[in-house]
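Structural overview for review
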Amino acid sequence: MSYQEQFLTTALESNALKFGSFTLKSGRQSPYFFNLGFFNTGKLLSNLASSYARAIIDAGIKFDVLFGPAYKGIPLCAITVAKLAELDPENYGSVGYAFNRKEKKDHGEGGSIVGSGLQGKRILIIDDVMTAGTAINEAFEIIAGEKGNVVGCIIALDRQETTTSTSNQSATQAVSERYGIPVISIVSLTDIVSLLKHKLTEEELASIEKYRQEYAPK
């Protein structure tokens, strides 16, 4: 299987990806729900790290530090940078990782960044999903404050939907255009449909298609 197929198979087996009817934070009724928190064992985390790393390697983005916004991004950046060094030590063995503290430390070395320094470095942001882009905006502010340069963003799932009913851009497209960076993902909703269609019922596929027609970019 490709890393995308492996990722989705593992997401289903771990219940990280579910199909049904779910109320999202936005209030939308979604026919599927994705929760990266269900990748909660060593084996599952290893698979997740491999998927992130393969997506990054395929994209060919050059960067110095992988940055994970607190809190969800902390384990993601740590496991992924280790897997990158394992899979492609020549190109990624020296890549650092960093994350922010929610509250700035006022003793010891101080500061709000843990891990590699960001000043003058090319930064790739890692996160789980992107909805309104709020977390990414905060990450950009933090990195700009440390005089780092964001060169891209990697997420697990691109839902490929808008943040408003009248928008002609998905959340990832909006962030990409706003900051002039690529936003890549392990999988997208399109991948879910194409790679899992043999595992989904006609009713589930119809619900997803209806949802896409309503919330896809106009």
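Starting afresh in each chain, residues are numbered from 1 along the sequence in its written order. In keeping with the model being predicted, local features are shown solely for residues with a pLDDT of at least 70 and side-chain atom pairs are shown and tallied solely at 80 or more, while totals for entire chains, interfaces and linings include all residues. Hydrogens and water molecules were not included; the side-chain quantities draw on all heavy atoms of the structure.

The name an unreviewed UniProt entry gives the protein chain is orotate phosphoribosyltransferase, with Scheffersomyces spartinae as the organism. UniProt positions are given in the numbering used here, feature names are shortened, and annotations may be inferred rather than shown by experiment. Turning to the protein chain, the UniProt record has this under Subunit (unreviewed entry): "Homodimer." Under the UniProt heading Pathway (unreviewed entry), the note attached to the protein chain is "Pyrimidine metabolism; UMP biosynthesis via de novo pathway; UMP from orotate: step 1/2."

Right, let's talk about the pairing of strand 1 (residues 17–23) for a bit. Here, any two strands with at least 2 DSSP bridges between them count as paired. Think of it this way: any DSSP run of H or I at least four residues long counts as a helix, any run of E at least two long counts as a strand, and we number them from the N terminus. Strand direction decides the pairing type here: strand 1 and strand 2 (residues 29–34), joined by five bridges, are antiparallel. Residue pairing across strands places T23 opposite Q29, the latter belonging to strand 2. Taken together, strand 1 and the strand that follows it, strand 2, pair antiparallel across an intervening segment of five residues, in which G27 is found at a positive phi of about 95°.

This part covers the pattern of salt bridges. Salt bridges are counted wherever a side-chain nitrogen of Lys or Arg sits within 4 Å of a carboxyl oxygen of Asp or Glu. All chains considered together, the criterion is met by five salt bridges. The closest approach of N and O atoms between R122 and D64, which form a salt bridge, is 3.0 Å. On the criterion of sequence distance, the pair formed by R122 in strand 6 (residues 122–126) and D64 in the loop between helix 2 (42–59) and strand 3 (65–68) is long-range, its members being 58 residues apart. The classification of residues rests on relative accessible area computed with a 1.4 Å probe and restricted to protein chains. Under 20% of the type maximum is buried, over 50% is exposed, and intermediate values are partly exposed. In this structure D64 comes out as partly exposed when scored by relative accessible area, which is 23%. Residue E86 is joined to K83 by a salt bridge in which the shortest nitrogen-to-oxygen separation is 3.7 Å. With E86 and K83 both in helix 3 (residues 73–87) and three residues apart, this pair spans about one turn of that helix. We classify E86 as exposed; its relative accessible area is 55%. One network of salt bridges, with partners in common, ties together R28, R159 and E161.

Here the focus is the packing of aromatic side chains. Aromatic rings from Phe, Tyr and Trp, with only the six-membered ring used for Trp, were paired whenever their centres fell within 6.5 Å, and each pair was classed as stacked if the ring planes differed by under 30 degrees, edge-to-face if by over 60, and tilted otherwise. Inspection of every chain in the model, using the stated rule, returns six aromatic pairs. Between F7 and F39, the ring centres sit 5.6 Å apart and the planes meet at 5°, which makes this aromatic pair stacked. A residue pair is termed long-range when its members are at least 10 positions apart, and F7 in helix 1 (residues 3–13) and F39 in the loop between strand 2 and helix 2 qualify at 32 residues. There is no split in this pair, since F7 and F39 are both buried. Here the aromatic residues F7, F34 and F39 are joined through ring pairs into a cluster of three or more.

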